[in-house]
Amino acid sequence: MNNIFFLILRRMRAPLILVIVTYTIAIIGLTMMPGTDPEGRPWHMSVFEAFYVISYTATTIGFGEVPFPYSPSQRLWMTFSIYFTVIPWFYAIGKIISLFQDPGLKLAVTTARFAREVEHLHEPFYIVCGYGETGKQLVSALDKKGIRVVVLEIQQDLINELELEDHQFDIPNLCADTKMPDTLLRAGVKHPLCRGVAALTDNDHVNLAIAIAVKLINPNLLMLARAENEEVAANMASFGTDHIINPYALFGELLAMEVHALGTYLLHEWLTAVPGDALPSPACPPIGKWVICGYGRFGKSVVANLERENISTVIIEADPELTGCVNCIVGSGAEGKILQEAGIEDAVGIVAGTNDDINNLSIVMTARELNPDIFVVIRKNRRFNEVLFDQFNADITMQPSNIIAHECLAHMVAPLLSQFLSLARNQSNAWSNQVISELVETVGESVPLTWRVTVDHIHSPAVSNLIRWGIPVPLNAITQNPNNRTEHLELVPLMLIRNGQSTLLPEKTTLLLEGDLVLFCGKDYAKTMQSILLSNHKVLTFVMNGREIAEGIVWRWMLKKIASFKRKKGSKKAEPS
């Protein structure tokens, strides 16, 4: 605010000085002009009276000749003052109009308003740096989930698009250089309710600068960063960036997972998709020879992951020296002759992975003409080409922005989800199929919500109180319906973390302890009903045993003693005779 005030004073300095000088000359001259009072005695205006008269005259208000009728000399000076004082006013008004159009003032006002909006946020929020295709998807998904977002973007056109979007919350946004520390501070990096930052620009070095600045300013914040260059990713890791997302490497892993572990792939896609959406049927890539067109970062990841699954590949690359491709066919892949040389007729799949959407479409259309049954994986670089890709209807369409947005969403909405998925990848495909079967049976075929329950006095006071009173609380207790204790809520406990140790699909008979973390997935209604169990110990006790819990201190003490006696008695029975 001080910057705006001093900027206005600096721009208005000349017109203000001119107004003051002209007013001073007009006032002093008017005090010197002789006049007469009603009795005919000589009279001169005081400085205050002259200031009063010049003020209403120069501003065109006009109250007439006060306090007495003017003499000819006073009227002559007033006539001069009228024309003399109007000149600086025209100049000042012109300066004011140009001041409101000044880019520097507009930026200062916008920046001050943005900082004020962020400062007044009273809910946890994330900072998204970059409102391109990825940022747009992530912001929209977070807004639908009721999570507040602050957006930084260097291009004004993208900021204008954000303001035109229909979001349920007003999203504070600023057009500024996202890598500048001052910009990040204004966005709330040190705000107590800031939960994390996502660097999603299309420039790896900008994302690196953001990651470094955030970790130096507030090391405890969750930092998500997009990085397609291995050297940049290593630099990010050295500064403690929590999650570095390479869309090409991630897609390669998912494609390989879809080939050899379809159940694990489906589990990953289901839990990271937008809640409420229907999960499409898997593509089921075939096993055999694959033709890879383009050996850049995307192509290298696909080749490495397919060959790890013992799938043979033939590479087509237009510039082998630039990409470092040693054993490949030189060409773009759009020519039928090059595809035939690669053996497209007996290949089971083709990957069009160049950085040009039109070239990729040309490749797969030529491939389909030579081999109508070939499995097609196509890379989509720009979202505005979505209509073209929908018309072609490839088996798998890879878009980096979708992959990054889903990965960020998993870390932001349910931090334990990424840990669960990482552990799930090490399980067998049969295990994943079993989990999917249980999820479908419990929550249906739409994408479920995922959330975390922390067993402590703040997040689940009811469970914490019963544990402190000596009443055992099984995991099953917080999965029952408060309205009907014989029914179970539509949710599934996916993982239990206790003392740093993770247990996948914990038994519902497991007794909860203070400090436990439990990852659930289920319907929104189930999450709402569970929150009642977590916060009200009377409802929780009734759901557990059908009895009302005693409210008095004495009764609580007696219940604690009875529970302790039962445990001791049970332990004695368990001892061998």
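Presented here is an overview of the structure given in this document. Worth saying up front: this structure is predicted, and the values here are computed from it rather than measured.

Another aspect to go through is empty space enclosed by the protein. Across all of its chains, the model carries two cavities of 30 Å³ or more by this definition. Empty space within the largest cavity amounts to approximately 100 Å³. Every residue lining the largest cavity is counted, 15 residues in all, and those nearest its centre are Lys-145, Leu-271, Ala-273, Leu-417 and Thr-450. Contributions of two or more residues to the lining of the largest cavity are made by α12 (262-272), α18 (400-413) and β15 (449-454). Sort the elements by how many residues they give to the lining of the largest cavity and α18 lands first, with four residues. Of the residues belonging to the lining of the largest cavity, the class tally is 11 nonpolar, three polar and one charged. In this model, the second largest cavity occupies a volume close to 30 Å³. Every residue along the wall of the second largest cavity is listed here: Met-257, Thr-264, Leu-267, His-268, Leu-421, Ala-424 and Arg-425.

In this section: the packing of aromatic side chains. Here the structure, examined in full by the defined rule, presents nine aromatic pairs. Look at Phe-420 and Trp-431: their rings are 6.3 Å apart centre to centre, the planes differ by 45°, and that puts the pair in the tilted class. With Phe-420 in helix α19 (residues 415-424) and Trp-431 in helix α20 (residues 429-443), this residue pair connects regions lying 11 residues apart in the sequence. Taken together, Trp-77, Phe-80 and Phe-84 form an aromatic cluster joined through their ring pairs.

Following both chains from N to C, one finds helix α11 (residues 247-260) and α12 inclined at 135°, their axes separated by 6 Å at the closest point. Here α11 lies oblique to α12, going by the angle between them. From α11, Leu-254, Met-257, Glu-258 and His-260 reach across to α12, where they touch Leu-262, Thr-264, Tyr-265, His-268 and Glu-269. Of the residues assigned to the contact of α11 with α12, the class counts are four nonpolar, three polar and two charged.

This paragraph deals with α11. In this model, α11 (14 residues) spans 20 Å end to end at C-alpha, consistent with the 20 Å of a helix rising 1.5 Å per residue. Counting buried residues in α11 gives 11 out of 14 residues, a clear majority hidden from the surface. Those residues of α11 that are buried lie in contact with β8 (243-245), α12, α13 (297-308), β13 (375-379), β14 (396-398) and α18. Of the residues flanking the start of α11, the one acting as N-cap is Asn-246, its side-chain oxygen 3.1 Å from the backbone nitrogen of Tyr-248.

With that settled, the discussion passes to the nonpolar core. Core analysis: the biggest nonpolar cluster contains 29 residues, and Ile-127, Val-150, Leu-152, Leu-184, Val-197, Ile-210 and Met-223 have the highest contact counts within it. Within the residue set of this core, elements represented by two or more residues are α5 (103-119), β3 (125-129), β4 (148-153), β6 (194-199), α9 (204-217), β7 (222-226) and α10 (230-238). Broken down by element, this core gets its largest block of residues, six residues, from α9.

With that settled, consider the sheet that holds β3. Read from one edge to the other, the open sheet built from six strands follows the order β5-β4-β3-β6-β7-β8, with strand pairing classed as parallel. What marks the edges here is a single partner per strand, and that holds for β5 (173-175) and β8. With direction set aside, neighbouring strand axes in the sheet form an average angle of 15°. Sheet topology note: the β7/β8 ladder contains three bridges and is parallel. Residue pairing in the sheet places Ala-225 in a bridge with Ile-244 of β8. Across the face of the sheet, α9 comes into contact with β3, β6 and β7 while running at roughly 170° to β7.

The next subject is the environment of Ala-342. Relative to the elements of secondary structure, Ala-342 occurs in the loop between α15 (336-341) and β12 (349-352). For Ala-342, a relative accessible area of 4% puts it in the buried group. Along the backbone, Ala-342 and Ser-46 are 296 residues apart, and their C-alpha atoms lie at a distance of 102 Å. Ala-342 has contacts with Lys-289, Val-291, Val-314, Ile-316 and Ile-329, leaving out every residue within four places of it along the chain.

All right, on to the side chain of Thr-366 then. Here Thr-366 lies in helix α16 (residues 357-370). Thr-366 sits in the buried class, given a relative accessible area of 14%. Those residues in contact with Thr-366 that sit more than four places away from it in its chain are Ala-334, Glu-335, Gly-336 and Leu-339.

Basis of the calculations
Residues numbered from 1 in each chain as written. Predicted model: local features only at pLDDT ≥ 70, side-chain atom pairs only at ≥ 80, totals over all residues. Heavy atoms only, no water. 1 Å grid on protein atoms, 1.4 Å probe; cavity = no way out; pocket = protein on both sides within 12 Å on 5 of 7 lines; lining within 4 Å. Points joined across faces, edges and corners; volume = space filled by probe spheres on them. Helix = DSSP H or I, 4+ residues; strand = E, 2+ residues; numbered from the N terminus. Nonpolar A, V, L, I, M, F, W, Y, C, P; charged D, E, K, R; others polar. Phe/Tyr/Trp six-rings, centres within 6.5 Å; stacked < 30°, edge-to-face > 60°. Axes fitted to C-alpha atoms, helices over the stretch in contact; angles between N-to-C directions. Parallel < 35°, antiparallel > 145°, perpendicular 65-115°, else oblique. Contact = heavy atoms within 4.5 Å. Expected span 1.5 Å × (residues − 1). Buried < 20%, exposed > 50% of the residue type's maximum accessible area, 1.4 Å probe, protein only. Polar contact = N/O pair within 3.5 Å; in protein donor to acceptor, adjacent residues only side chain to side chain. Core = buried A, V, L, I, M, F, W, Y, C linked by side-chain atoms within 4.5 Å. Pairing = 2+ DSSP bridges.

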